[in-house]
Amino acid sequence: MTIAGYRIPPLASLILWAIVWEIVGRLGLVFLFPPLSHVVMELGQVVGSTTFLNAAIMTVKCFVIGIALSIAVGVLLGLLMGRVDAADKLLGMWVNLFVSAPLSALVPVIMILFGMGESTIIVTVFLFAVWIIALDTRAGVRDMPPSLLAMAKSFGASRWQVLTKIVFFAALPEILAGIRLGVIRGVKGVVIGQLLVSIIGLGELFEVYSRNFLMEEFWALTLIVFAFALGAAELIAMLERKIDFYAGVRHA
Amino acid sequence: MVLFCLAWEVAGRIPINVAFPPFSDVVAAFGRMVADGSLPSAFLITLQPLVIGLVVATVIGIVMGVGMGLRDELEWAGVPVFVVMQAAPMAALIPLITYVYGIGLTAKVLAVVILALPVIALNGYKAVRNVSPSLRAMCRSFLGNRRQEIFKIVLPDASPMIFAGLRLGISAGFVGVVLAELLITPTGIGDLITYHRSIADYAEMYAVIATIILFSAVTVGLLERVEIALFRPEKKEHSA
Amino acid sequence: MTAAVRMLRETTKSDTAQPIVEVRHISKRYGSSVEALRDINLTFPTGQLTSLLGPSGCGKTTLLKIIAGLLEPTGGEVVVKGKTVTGPGPERAFVFQDFALMPWASVLRNAAFGLELQGIDKKKREETARHYINQVGLSGFENRYPHELSGGMRQRVGLARALAVNADVLLLDEPFSAVDEQNRRKFQEDLLRLREVERKTLIFVTHSIEEAVYLSDRIVLLSPRPGRVSEIIEPHVDRSGPPDLIRRNPAYLDTVEEIWHGLRDYAD
Ligand SMILES: Nc1ncnc2c1ncn2[C@@H]1O[C@H](COP(=O)(O)OP(=O)(O)OP(=O)(O)O)[C@@H](O)[C@H]1O
Ligand SMILES: [Mg+2]
C-alpha cells in the first residue's frame, strides 16, 4: 500500500495491529487481552523458567523426530504413488481421506496405543504432516514433463537412475512445498497432541496458564509458539525460493 | 478399501494391542450405538456449533477475502494477520476460549471460527488476485461498471478457489469442534470418545472416531458435488 | 524431376555402402482404434540427413520414437547396424522437441548427462561435454542454467548432449519448432556445418517444407493417418555456396514447390 507516495511494507500492518492490541489492553476492554507490552515483558520470565525450557526441549525434540519420520515416509509414499499406478489406486483414497480428516479425533486412540508420553506426540506430529507431503510429492512426480523421462531412457538410464537423477529432482519443488505445509501442520500437531495429553510439555503450561487466568504468560507462550511455527515454515520457504526457477522452466 | 478392512480385521485378531479391536467388533459397536441413539444424538450436539461456526466463518471469510483481493488498503491491513493465523497453531487458543466463555455453545462456535476463518479468507483473497486480468480488461472495455465487473467477472472466475478454501475450512472446522469437545467441553462426539475410552470400550471409541472422520470426508465430498452441480457447467458435462 | 531423382538415387546407392538404419514393416496402433503407422519400410543410408515430413498427426514422432527404442511397434522391426532394436542404445541419441533439459542442472551437467549415465568419470565426461558445448557455439555458458538461456540456446545444449555420447545416429524430433525464426535459420546453418565435421547419420522430423529441403539429402513424405510412406524425394540442392544463395537456388525453390503440391491435398 502507498500513502502520500510512500510505499508501506505489508509487514508494517502487523505493527499497527500490535499498537491496537496495546491500546485495547491498556483500556482493559477485553479481559482476554492484557497490554502487549506486558506480554512482551513476561516473555523473558517465561523463557527463563526451567519448566518452559524443559517443555520446549521436549516439544522441539518430538517435533523434529515426527517431521523427519513424516518426510521420509511421505516422500517415499508419494514417489511410489506417483510412479506405480497400482499403488496410487490402492493408497490414493486413504491419503486423500486423511489429508483433510479431523485427525485431532485420532489423538485419543494414539494415547491409548502409545501411552501418555513423548511417543504419542511424535506419532501425532507424524500423522498431521505425512499425508500432505505424500500428496504433494505425488503431484510433483505426476506433473513432470514426460520428455525428461524419455530423455533419460534414450540415454540408457536404469530404473534407479531415473528415480534418483530425474524423478526426485523434477518433483523437488513440490516435495519442498509439501514439506513446508507438513511443517505447519506438524506444529499444529505438536500443540494439539500436547494439549490433549495435557500433562506434558507445552500442553501442560498452556493448561496451567489458562486455568489460572495468567493471561500475560499465556500470550507470551502463544507468541513463542507462533514464532516457532512461522520461523520453521519460513526456513523451508527460503529453500523453495532458491530453486524457484524450476517451476518457471516447467511451465514455460 | 476392502483390503484395508481385512488388514484391520487381521491385525485386530492377532491382536497387536489390547486397545486395537478387530474391524468386525467396531462395526458391531457402531450398530449398537446407532440403535441406542447415543451416536445420533452426539452428532446432533456436535453439528450445531459446527454449522453455526462454519456459516459465520464462511460469510466473514469470503467477504474479507474478496475485500482484501479488491482493495489495497484492506490487503495491507489484513493479509499478514491471516497469514500468521493460518500458519500458526491456533488450537493453542482453544483452552483459553473455553475457560473464558465457559463450556457452552459460544466457546465451541469460536473454536470452529478461529480455525476455519483464516484459510477461507486467504483463499478468497488469492482467488480474487488470480482472476484473469484480460477478462477484467475485457469487461471494462465493453463498458462494464465496477459492480458488473465484480459480480459478472471476478466472483465467477474466483469461485473455484473460493470453494477450495471452503473445503479446507470445513475440515479445519471439524478439527476445531472435535478439539473443543475433547479438551474441555464434555459434550457431543468428543464426550462419546472420552467416555468410551474411560470405560475401556475401545470398539465403541474406534467406531465414533471412524464415523466422525468419514463424516467429514463425506461433507467435503458433498460440497464438491454441490459446487459442480450449481456452478460448474463445464465440469458437469465432462462427468456426465 | 522424377528422372533426376531416380538418377540421384542410383548415385547415392553407390557411395553409401550399407544402410545404418532399416525400418521393416513397422506398424503401430495406439489402443484398438488409433492406427498411427501402417507397414513402413525405409532404409537410412550412413552419413545422410533424412527428413520425415508430413501433416500433423501422421505418426512422425511415433516412427522416430520406435527407431529410438522408446516405443514398441505393434508389428515389424527396426534394425540398426545389423541388430534388431529392443530398446534405447548407445548408437542412437535423441534430440527433443521441448529440449528435455534438467532445470536443476547446469549447461555442463546437462550436456554431459548421457555420459554420466554411462558411468564415465566426471573429469573425462566434462571434458567431452565442453568440447561439444564449444562445437554448438555455447562456450562461456557452461555454468549457466537452462532458464537463463533462450530457446535456441537450450536446443543447442540438447544437441551437444546428443553429440557428446558419440552416437552414430541422431534422431531429432522437430528440434527447431520451439525456436524463433532468426535463431532457427542460424541453427540450421550450424547444423549443416556440424554434419560435415561429425559425419553423423541424422533422422530429422519437421513440419516445415523449407527446412526439410534446405537441410536434407532425402525427404520421406508420410501420408495422413494411418501413416504410410507416400513418396521419397532427394532434393538436389548445391550447398557449397553461402546460405542466402542456397535459399534462392532454383533446385531448392522447385523442390519446395513440388512437395507443397504433393502435400496440399492433405491440408485441411
Ligand atoms: N500415447 C498415445 N495414445 C494414443 N494415441 C496417440 C498417442 N500418441 C500419439 N497418438 C496418435 O497417433 C497419431 C500419430 O501421433 P504422432 O505424435 O506420431 O504424430 P506426429 O506426426 O508427430 O504429429 P505432430 O506433427 O503433431 O507432432 C496421432 O493421431 C496421435 O493422436
Ligand atoms: Mg510430433
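Residues numbered from 1 in each chain as written. Chains lettered and ligands numbered in written order. Predicted model: local features only at pLDDT ≥ 70, side-chain atom pairs only at ≥ 80, totals over all residues. Heavy atoms only, no water.

## Regarding the packing of aromatic side chains
All names here are of chain C.
Here is step 1: The full count for this structure, using the stated rule, is 13 aromatic pairs over all chains.
Here is step 2: Taking 4.6 Å as the distance between ring centres and 40 degrees as the angle between the ring planes, the aromatic pair formed by Phe 94 and Phe 96 counts as tilted. This pair shows no difference in class: Phe 94 is buried, exactly as Phe 96 is.
Here is step 3: Summarising the aromatic geometry, the rings of Phe 176 and Phe 187 are spaced 4.6 Å apart at their centres and angled 50 degrees between planes, so their arrangement reads as tilted. With Phe 176 in the loop between β7 (169-173) and α7 (181-198) and Phe 187 in helix α7, this pair connects stretches of sequence that are 11 residues apart.
Here is step 4: Given the relative accessible area of 2%, Phe 176 is considered buried.
Here is step 5: By relative accessible area, Phe 187 is classed as buried at 3%. (Phe/Tyr/Trp six-rings, centres within 6.5 Å; stacked < 30°, edge-to-face > 60°. Buried < 20%, exposed > 50% of the residue type's maximum accessible area, 1.4 Å probe, protein only. Helix = DSSP H or I, 4+ residues; strand = E, 2+ residues; numbered from the N terminus.)

## A look at the nonpolar core
Here is step 1: In this structure, Val 21, Val 23 and Leu 159 of chain C are the most contacted members of the largest nonpolar core, which totals 231 residues.
Here is step 2: Here this core gets 17 residues from one element, more than from any other, and that element is helix α8 (residues 159-197) of chain A.
Here is step 3: Each of domain 1 (3-91 + 167-266) and domain 2 (103-166) of chain C gives at least three residues to this core.
Here is step 4: Non-local contacts of Val 23 of chain C, meaning those with residues more than four positions away in its chain, are made with Ile 40, Asn 41, Leu 42, Phe 44, Leu 63, Ile 67, Glu 77 and Val 78 of chain C. (Core = buried A, V, L, I, M, F, W, Y, C linked by side-chain atoms within 4.5 Å. Domains from an automatic or database assignment. Contact = heavy atoms within 4.5 Å.)

## A few points about the UniProt feature "domain: ABC transmembrane type-1" (unreviewed entry) in chain A
Here is step 1: Sites flagged by UniProt as "domain: ABC transmembrane type-1" (unreviewed entry) map to residues 56-236 of chain A.
Here is step 2: Helix makes up 87% of residues 56-236 of chain A and strand 0%. Its end C-alpha atoms lie 21 Å apart. (UniProt positions renumbered as here; feature names shortened; annotations may be inferred.)

## Considerations on the domain arrangement of chain C
Interface size is often expressed as the accessible area that is lost when the parts come together.
All names here are of chain C.
Here is step 1: Segmentation of chain C into domains returns domain 1 (3-91 + 167-266) and domain 2 (103-166).
Here is step 2: When each unit is reduced to the centre of its C-alpha atoms, the spacing between domain 1 and domain 2 is 25 Å.
Here is step 3: With 17 residues of domain 1 at the contact, the number on the domain 2 side is 12 residues.
Here is step 4: Counting each side, the surface lost to burial between domain 1 and domain 2 is near 1200 Å², with a carbon and sulfur contribution of 58%.
Here is step 5: Here domain 1 is connected to domain 2 by one salt bridge.
Here is step 6: Residues Arg 156 and Asp 190 are paired through a salt bridge, measuring 2.8 Å at the closest nitrogen-oxygen approach.
Here is step 7: Counting every contact that joins domain 1 to domain 2 gives four residue pairs in polar contact (both at pLDDT 80 or more).
Here is step 8: Contributing elements (two or more residues each) for the side of domain 1 that touches domain 2: β7 and α7.
Here is step 9: Looking at the side of domain 1 that touches domain 2, the element that brings in the most residues is α7, giving eight residues.
Here is step 10: Partitioning the side of domain 1 that touches domain 2 into residue classes produces 11 nonpolar, no polar and six charged. (Buried area = accessible area lost by both parts, 1.4 Å probe. Salt bridge = Lys/Arg side-chain N within 4 Å of Asp/Glu carboxyl O. Polar contact = N/O pair within 3.5 Å; in protein donor to acceptor, adjacent residues only side chain to side chain. Nonpolar A, V, L, I, M, F, W, Y, C, P; charged D, E, K, R; others polar.)

## Some remarks on the sheet that holds β7 of chain C
All names here are of chain C.
Here is step 1: Across the sheet, which stays open at both edges, the six strands sit in the order β6-β7-β8-β3-β9-β10 with mixed pairing between neighbours. This sheet does not close on itself; its edge strands, each paired only once, are β6 (92-95) and β10 (229-233). Recorded for the sheet is a direction-independent mean angle of 15 degrees between the axes of neighbouring strands.
Here is step 2: In terms of strand pairing, β7 meets strand β8 (residues 201-206) through five bridges, oriented parallel. (Pairing = 2+ DSSP bridges. Axes fitted to C-alpha atoms, helices over the stretch in contact; angles between N-to-C directions.)

## A closer look at the environment of Ala 237 of chain A
Here is step 1: Positionally, Ala 237 of chain A belongs in helix α10 (residues 215-242).
Here is step 2: Once the C-alpha coordinates of Ala 237 of chain A and Cys 62 of chain A are considered, the two residues, 175 residues apart in sequence, prove to be 22 Å apart.

## Considerations on the interface of chain C and chain A
Here is step 1: Tallying the contact residues gives 21 residues for chain C and 17 residues for chain A.
Here is step 2: Summed over both sides, the interface of chain C with chain A buries roughly 1900 Å², with 75% coming from carbon and sulfur.
Here is step 3: Ranking the residues of chain C by area buried against chain A places Pro 103, Trp 104 and Leu 117 of chain C at the top, with a combined share of 35%.
Here is step 4: Taken together, the connections running from chain C to chain A amount to one salt bridge.
Here is step 5: For Glu 116 of chain C, the salt bridge goes to Lys 165 of chain A, with nearest N and O atoms at 2.5 Å.
Here is step 6: For the pair chain C and chain A, the interface holds three residue pairs in polar contact (both at pLDDT 80 or more).

## What about the site of ligand 1?
Residues and elements named next belong to chain C.
Here is step 1: Lining the immediate surroundings of ligand 1 are 13 residues, of which Ser 56, Lys 60, Thr 61, Thr 62 and Arg 225 lie closest.
Here is step 2: For ligand 1, an oxygen atom lies 3.0 Å from a polar atom in the backbone of Gly 59.
Here is step 3: Separating an oxygen atom of ligand 1 from a side-chain N or O atom of Thr 62 is a distance of 2.4 Å.
Here is step 4: In isolation ligand 1 has 630 Å² of accessible area, and contact with the protein removes 63% of it. (Near = heavy atom within 4 Å. Areas by Shrake-Rupley, 256 points an atom, 1.4 Å probe, with all protein chains shown as cover.)

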